[in-house]
Amino acid sequence: MKKIKVHIADDHQILIDGIIAVLSTEKNIEVVGYSLNGEDVLNWFASNEADVLILDINMPKVDGIVVLQNFFEHSFQQKVIVLSSYDDTKLIKEVLKIGASGFLAKKCAGENIVEAINTVYEGHQYFSKSIQQKLMETFTKQLSQKESSLHDSAFFSSITARETEILRLIAQQYNSKEISEILHISVNTVETHRKNLIRKLGVKNVVGLAIYAVKNNLV
């Protein structure tokens, strides 16, 4: 079995030790080192490799944002899961733009870290449930605020009025049956519109809609 090589970067040794303890029980994951500041991260990756980097945002010497920017500017395709004590959507948007593959709140790192590593390693984005919920709430609020001008946005230029209406209801977490009752259309019609939205926006699910919106400055 090929092991997923993980490097951990955080300025708190106790957090690093905790993550290492959790990962040590996983047969398919191997910790290949850790760094206590951003400068050490950049130096380590100059001559070493890891499949996934667990990266704290707030570190001495060079912070996590600068590390990500360095990777981005040098087209260094490194899978990175950002660790942060904050779950502000502006911060999430910023790290997504410069190449992060996932975002994990420190308060739930222990219970989600293994799932996050496996998900990101397989080429998908990962966000803990609390982050997903925050993205959805922000996206729903933004849809409501911009409802009258959605059709003026290039992002929504290919979406019909009916699809926009359904997108708003999906973002508010209504299921297909509930949407069909609200709009007085069949469940099959709702499902067709849902599939068209997912195809047009290039996402996999409802959470993907929120993430896509964040990455494209809609929130």
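Residues numbered from 1 in each chain as written. Predicted model: local features only at pLDDT ≥ 70, side-chain atom pairs only at ≥ 80, totals over all residues. Heavy atoms only, no water.

1. Points about the pairing of strand β2 (residues 29–35)
Step number 1: Relative to β2, strand β1 (residues 4–9) is paired through 5 bridges, and the arrangement is parallel. Bridge assignment links I4 to a residue of β2, and that residue is I29.
Step number 2: You can see the chain leave β1, run along helix α1 (residues 13–23) and come back into β2, and the turn it takes is right-handed. (Pairing = 2+ DSSP bridges. Helix = DSSP H or I, 4+ residues; strand = E, 2+ residues; numbered from the N terminus. Right-handed = clockwise from strand over helix to strand, strands pointing away.)

2. Digging into the confidence of the model for the chain
Step number 1: Mean pLDDT over the chain: 82, with 82% of residues reaching 70 or higher.
Step number 2: Across residues 147–155 the pLDDT falls below 50, and counting only partners more than four positions away or on other chains, this stretch makes 13 contacts in the model. (pLDDT = per-residue confidence, 0-100. Contact = heavy atoms within 4.5 Å.)

3. Things to note about the nonpolar core
Step number 1: Grouped together as the largest cluster of nonpolar side chains are 26 residues, with contacts concentrated most on L53, L55, L68, V82, V95 and F103.
Step number 2: Of all the secondary-structure elements, those providing two or more residues to this core are α2 (38–45), β3 (52–56), α3 (64–73), β4 (79–84), α4 (89–97) and α6 (129–145).
Step number 3: Contacts of L68, omitting those with residues within four sequence positions, involve L55, V80, V82, V95, I98, G99 and A100.
Step number 4: Among the nonpolar cores identified, the runner-up in size contains 21 residues, and I4, I19, V52 and V120 belong to it. (Core = buried A, V, L, I, M, F, W, Y, C linked by side-chain atoms within 4.5 Å. Buried < 20%, exposed > 50% of the residue type's maximum accessible area, 1.4 Å probe, protein only.)

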